[in-house]
Structures are given as structure tokens and as C-alpha cells.
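Given next are the chains, with one letter for each unit.
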Amino acid sequence: MNTNEWFLFLRGFLRNPLRVGSVMPSSRFLAAKMVEPLKWSEVQAIAELGSGTGAITHFIQEQLTGQTKVVLFEMDKRMRNNLTAQYPDFKCYSNAYQLIKRMNENNIDQFDCILSGLPFFNFTSEMRNKLLNQITEALKPGGIFIAFQYSLQMKRQLEESFTIEKIDFVPFNFPPAFVYTCRKK
């Protein structure tokens, strides 16, 4: 992480802490844990929600094989512009609420995997439900949803739509995070 990324992230947090959720971008330890469970040879389409400065996106790019379609979502315009410049082969959009619409626009039947850095518990119940419904609809049967959160408060709600295969604790992140690896029922 360079100084510019850190300042960009901090600026976003100070402007809207409930939407950004952290004062620092994800660590390389967290990013590695997020992509670890995936069988990359089987991933044809993947989405990342809340791509931020691209900490996880970088790890996605390193693992790609073949013609995998990658769709990124980031609300902060400066971060989104940086992502578009750094990852020109990936589609990048502003609003994860348009996951299904963007999936269809890119001729993706369903995603094999969706990764998320969105601070779900900071959102209203209505926003959380809408996002989780979009994620569930966009994932293929048996598809994987991997999300990090700073607490275990989302566990019960995630269990309603997914089978939680494991929850990893990543202490080398600020703040420390929990990575949920879930499979669509």
C-alpha cells in the first residue's frame, strides 16, 4: 500500500465512515485470505463489491486464468477511477445495488464467486437485505460468497441464505477482521 492509497482511503472514511467502514485499506494478509478458498481454474465470472484501492483486486488479477470476467464495484469516484486505470480489462461500476443489471450487461449468466469488503452491518436493514438478495440471485447454485467484516454480527443473517463453510480471523489487518466463506444453498 502506498501513501497515496492510504490518504485516499482515509479521505473516504472521513467523508462517510458508515459507507467506507475502515480508516485503512485491507492488508495483504486479509486480501490473501479472501482469495484463498477459490479454485481459480473453475472461476469464469467473479465480482468484487467495495473494491476500494484494489488490495483484493490485485490478488484477483494474480490468480486469473483464461477468459475470466471480473466486475468491480466501488462507490468512491476517485478510487473507482484509479481501479479503472489500474485494471483496464475489468469492468468497474459505482453501485453494488446494480449487481444483477451489470451482470446481465456483461453477458454473465451467474457469478461463480462474489467477494465483498462492504461494511454490511453499517447499512440499514433494508440496504443489507437488498444487497444480500442481489448477491444470492447473482450467484450460481453452489457459488461462493466471501466477505470480510469487523465483527461476527452478520453471521445469523448470512446463514439464512448461505451455508457458512468457515470463518477465519485475520489479526494482521487494521482493524482485525473476520472472513466468512459461504456457499449458496
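What counts as what
- Within every chain, residues take consecutive numbers counted from 1 along the sequence as written.
- For a predicted model such as this one, the threshold for reporting local features is a pLDDT of at least 70, and the threshold for listing and counting side-chain atom pairs is 80 or more; totals across whole chains, interfaces and linings nevertheless cover every residue.
- Side-chain measures were taken over the full set of non-hydrogen atoms in the model, leaving aside hydrogen atoms and water.
- Lines are fitted to the C-alpha atoms to define the axes, a helix being fitted only along its stretch in contact, and any angle between axes, read from their N-to-C directions, falls within 0 to 180 degrees.
- Put simply, DSSP marks the helices as runs of H or I at least four residues long and the strands as runs of E at least two long, and each gets a number from the N terminus on.
- Any angle from 65 to 115 degrees is called roughly perpendicular, while one under 35 is roughly parallel, one over 145 is roughly antiparallel, and all others are oblique.
- Handedness of each helix crossing follows the sense of rotation of the near helix against the far helix: counterclockwise by less than a right angle gives left-handed, clockwise gives right-handed.
- Pairs of residues are marked as contacts when any of their non-hydrogen atoms sit within 4.5 Å.
- Each residue gets one label: Ala, Val, Leu, Ile, Met, Phe, Trp, Tyr, Cys and Pro are nonpolar, Asp, Glu, Lys and Arg are charged, and the others, such as Gly, are polar.
- Residues grouped as a nonpolar core are buried Ala, Val, Leu, Ile, Met, Phe, Trp, Tyr and Cys residues, joined through side-chain atoms within 4.5 Å.
- Each residue's exposure class comes from its accessible area (1.4 Å probe, protein chains only) as a fraction of the maximum for that residue type: buried when under 20%, exposed when over 50%, partly exposed otherwise.

Draft legend 1. Structural context of the packing of helix H3 (residues 28-35) against helix H4 (residues 55-63). At a closest axis distance of 9 Å, the pairing of H3 and H4 adopts a crossing angle of 50 degrees. Judged by the inter-axis angle, H3 sits oblique to H4. The handedness of the crossing between H3 and H4 is right-handed. Contacts from Arg28, Ala31, Ala32, Met34 and Val35 of H3 reach H4 at Ala55, Ile56, Phe59 and Ile60. Residue composition of the contact of H3 with H4, grouped by class: 8 nonpolar, no polar and 1 charged.

Draft legend 2. Region of the structure containing the nonpolar core. Leu99, Phe111, Ile114, Phe120, Ile135 and Phe145 are the most contacted members of the largest nonpolar core, which totals 29 residues. Elements that contribute at least two residues to this core include exactly strand S1 (45-49), strand S2 (69-73), helix H6 (99-105), strand S4 (111-116), helix H7 (125-138), strand S5 (139-149) and strand S7 (177-184). Of the residues forming this core, the biggest block, 4 residues, is contributed by H7. If we ignore the near neighbours within four places in the chain, the residues touching Phe120 are Arg128, Leu131, Leu132, Ile135, Phe145, Gln149 and Met154. By size, the runner-up hydrophobic cluster in this structure holds 25 residues, among which are Ile46, Tyr87, Ile146 and Phe148.

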